[in-house]
Amino acid sequence: MGDILIRDAFIATMDGSRRVYPRGSMYVDDGRIVEVGREVEAPWSPEYVIDGGHRLVLPGFVNVHSHLQQYFRGVYELIGDFYGVNLPLEGYRRPEDMEWLGLASCAEFIYGGCTTSMVIYTYPDGFASAVEEAGLRVVLGADIEEVDLERLRKGVYEYLPEKGEAAFKRAVKLHRDWHGRGGGLFTTVMAPKAADLAMPETYLKCSEFAGEHGLRMTTHLSQSWRECQQVERLYGKTPPRHLHDLSVLDDRLTGAHCTYATEADTRLIAESGMGILHCRGVRNPLVRWLDMGIPVGLGTDDYFHDVLQLLRENLAGQRARARAVGGAFGMLLGDRTRARPGFYELLELATRRGAEVLGLGGEVGSLEPGKRADFITVDMLNPFLTPTKDPLTSLVLYGSSGDISDVVVDGRLLKKDGSLVSFKMAEALVRAQGRVEEIIGRFFEDHPGQGERWRRMVPYME
Ligand SMILES: [Zn+2]
């Protein structure tokens, strides 16, 4: 791993003091940031020099909640039958498909500047091999659920302990095979899927395993009304209260969404130290969570892993929400500098605060000496971004993944001057497209009645 010197760039460290160096330099050696500041000299001639006249440099994005479902784009959006098409189709992916599908996912993460992603997925082994080739930093979890999805489709919860057992074994194997690999690029997490989909014993087993191995836990929490109803029916409680009473609601746990958390749930979450993984939900009181001191990070969740787009969706969604409920922004409309969430605040959630939520705050998320060298550079010299008096605001409002010039993880260049260099992106995408066609073909063989429906609803399908 060679050393890297960046000079004369706009460096936003995203550290706790919000330090920015408008004409700054940064020196990276052996995968770590050695120095960042106004004037930094490399001790010898560095292997790679980035002359940053028009570059913005900031920590890589930390994507705190994502799955690998984006392969069936154009199907999900147009057919939209989650239990009838989406979920069964997922089941047609074979582990051997994941070599190319996994690389396609890695391409998406890297291209958009995600240097760390937490990825929860049923069969993560093939994906982990792709991640290793691509060079990303990941927190990986094999999700554990034990309901019969075929019956759930008809609204019936039937728990299959053997399904939960098999999923738990996959999670343990994932940990044994991958945790700590790649010089620490891989971390694993225990991921019982949700309180309506995994039984209390499974949460406790995961918690015990996590405790023994120093791991964290993650789950979907108060994500859907159906989940809340089922948990109420089984235990007479809300999902956060249920997990609290099981003693798993604590600062080692992160919960995705929390859309249907009640006022009492939110106070319970704040007291517990649990982190919230917020994605797009307009119902979610993001600003309030932040003001209550709840650790929050941002995740892309399902079909589209573009963090800049996610920031804009949150900007629009949260401000629309505030107006709709007559909240803070409604009162502050006359003063744009105080509007929440702010541009900088969103970037913090997508970098340092996201890393903190995942327990990686000591290693990544900001540009500070001693931290791992995970960063991106943005080429500001394009007509959507320049001229500007505030590069960070412009990036949030008008930037796109294509503007991200370099992506560096652990001191290794994965994207250079706008192109992926750790593997051949075009080949991965073409091969992944072939796999998707083949998977859908097999799905049709078993569901001959679906063909006509698909052709009607997906206009360009051959
Ligand atoms: Zn999710």
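Residues numbered from 1 in each chain as written. Predicted model: local features only at pLDDT ≥ 70, side-chain atom pairs only at ≥ 80, totals over all residues. Heavy atoms only, no water.

Undergrad: I'd like a rundown of the packing of helix 3 (residues 98-111) against helix 18 (residues 425-446), residues and numbers included.
TA: Here helix 3 crosses helix 18 at 130 degrees, and the two axes come no closer than 8 Å. The angle between helix 3 and helix 18 places the two elements in the oblique class. Between helix 3 and helix 18 lies a crossing whose hand is left-handed. For the pair helix 3 and helix 18, contact is made by Trp100, Leu101, Leu103, Ala104, Ala107 and Tyr111 and by Met425, Glu427, Ala428, Leu429, Arg431, Ala432, Arg435, Val436 and Ile439, respectively. A per-class count over the contact of helix 3 with helix 18 returns twelve nonpolar, no polar and three charged. (Axes fitted to C-alpha atoms, helices over the stretch in contact; angles between N-to-C directions. Helix = DSSP H or I, 4+ residues; strand = E, 2+ residues; numbered from the N terminus. Parallel < 35°, antiparallel > 145°, perpendicular 65-115°, else oblique. Left-handed = near helix turned anticlockwise from the far one by under 90°. Contact = heavy atoms within 4.5 Å. Nonpolar A, V, L, I, M, F, W, Y, C, P; charged D, E, K, R; others polar.)

Undergrad: Tell me about the domain arrangement of the chain, and name the residues and values.
TA: By the assigned domains, the chain splits into domain 1 (4-59 + 370-420) and domain 2 (61-357). Centre-to-centre separation of domain 1 and domain 2, based on C-alpha positions: 29 Å. Tallying the contact residues gives 30 residues for domain 1 and 26 residues for domain 2. Carbon and sulfur atoms make up 64% of the surface buried where domain 1 meets domain 2, a total of about 2500 Å² over both sides. Three residues, Met14, Arg18 and Val396, lead the burial of domain 1 against domain 2; their summed loss comes to 26% of the area buried on that side. Inspection of the domain 1/domain 2 interface yields three salt bridges. Between Asp410 and Arg137 there is a salt bridge, and its shortest N-O distance comes to 2.9 Å. At the surface where domain 1 touches domain 2, the tally comes to ten residue pairs in polar contact (both at pLDDT 80 or more). Broken down by secondary-structure element, the contributors of at least two residues to the side of domain 1 that touches domain 2 are strand 5 (55-59), strand 14 (375-379), helix 17 (391-398), strand 15 (404-409) and strand 16 (412-416). Within the side of domain 1 that touches domain 2, the residues separate by chemical class into 16 nonpolar, seven polar and seven charged. (Domains from an automatic or database assignment. Buried area = accessible area lost by both parts, 1.4 Å probe. Salt bridge = Lys/Arg side-chain N within 4 Å of Asp/Glu carboxyl O. Polar contact = N/O pair within 3.5 Å; in protein donor to acceptor, adjacent residues only side chain to side chain.)

Undergrad: If you had to explain helix 2 (residues 82-90) to someone new, which residues and values would you point to?
TA: Buried within helix 2 we find Gly84, Val85, Asn86, Pro88, Leu89 and Glu90. Lining the buried residues of helix 2 we find helix 1 (76-79), helix 18 and helix 19 (450-457). (Buried < 20%, exposed > 50% of the residue type's maximum accessible area, 1.4 Å probe, protein only.)

Undergrad: Describe the pattern of salt bridges, naming the residues involved and giving the relevant values.
TA: In the structure shown here, the tally under the stated rule is 39 salt bridges. Glu313 is the salt-bridge partner of Arg280, the closest N and O atoms lying 2.7 Å from each other. Taken together, the residues Arg280 in the loop between strand 12 (275-278) and helix 12 (286-291) and Glu313 in helix 13 (residues 307-324) connect sequence positions 33 residues apart. Accessibility expressed as a relative area gives 24% for Arg280, which makes it partly exposed. For Glu313, a relative accessible area of 26% corresponds to the partly exposed category. Ionic pairing is found between Lys371 and Glu368, a salt bridge with its closest N-O pair at 3.7 Å. Here Lys371 falls in the buried class, since its relative accessible area comes to 8%. One continuous salt-bridge network, built from bridges that share partners, spans Arg94, Glu96, Asp97, Arg435, Glu438 and Arg442.

Undergrad: Run through the pairing of strand 12, naming residues and quoting values.
TA: Burial along strand 12 is two-sided: the residues Gly275 and Leu277 and Ile276 and His278 are all buried. Bridging between strand 11 (residues 253-257) and strand 12 involves three bridges; their strand directions are parallel. The partner of Thr254 across the bridge, within strand 12, is Gly275. Crossover strand 11 to strand 12 through helix 11 (residues 263-272) is right-handed. Inspection of the sheet shows strand 12 paired to strand 13 (residues 296-298) by three bridges, in the parallel sense. Paired with Leu277 across the bridge in strand 13 is Gly297. With helix 12 bridging strand 12 and the parallel strand 13, this β-α-β connection has right-handed handedness. (Pairing = 2+ DSSP bridges. Right-handed = clockwise from strand over helix to strand, strands pointing away.)

Undergrad: So what about the coordination of the zinc ion? Which residues, and what values?
TA: Protein coordination of the zinc ion is provided by His65 (NE2), His67 (NE2), His220 (NE2) and Asp301 (OD), with donor distances spanning 2.0 to 2.8 Å. Bound by four donor atoms, the zinc ion shows angles of 81 to 169 degrees at the metal and therefore irregular coordination geometry. Summarised as a motif, the one-chain spacing of the donors to the zinc ion is H-x1-H-x152-H-x80-D. The exposure classification of His65 matches that of His67, with both residues buried. (Donors = N, O, S within 2.8 Å, 3.2 Å for Na, K, Ca; no water. Tetrahedral: all angles 85-135°; square planar, octahedral: opposite > 155°, others 65-115°.)

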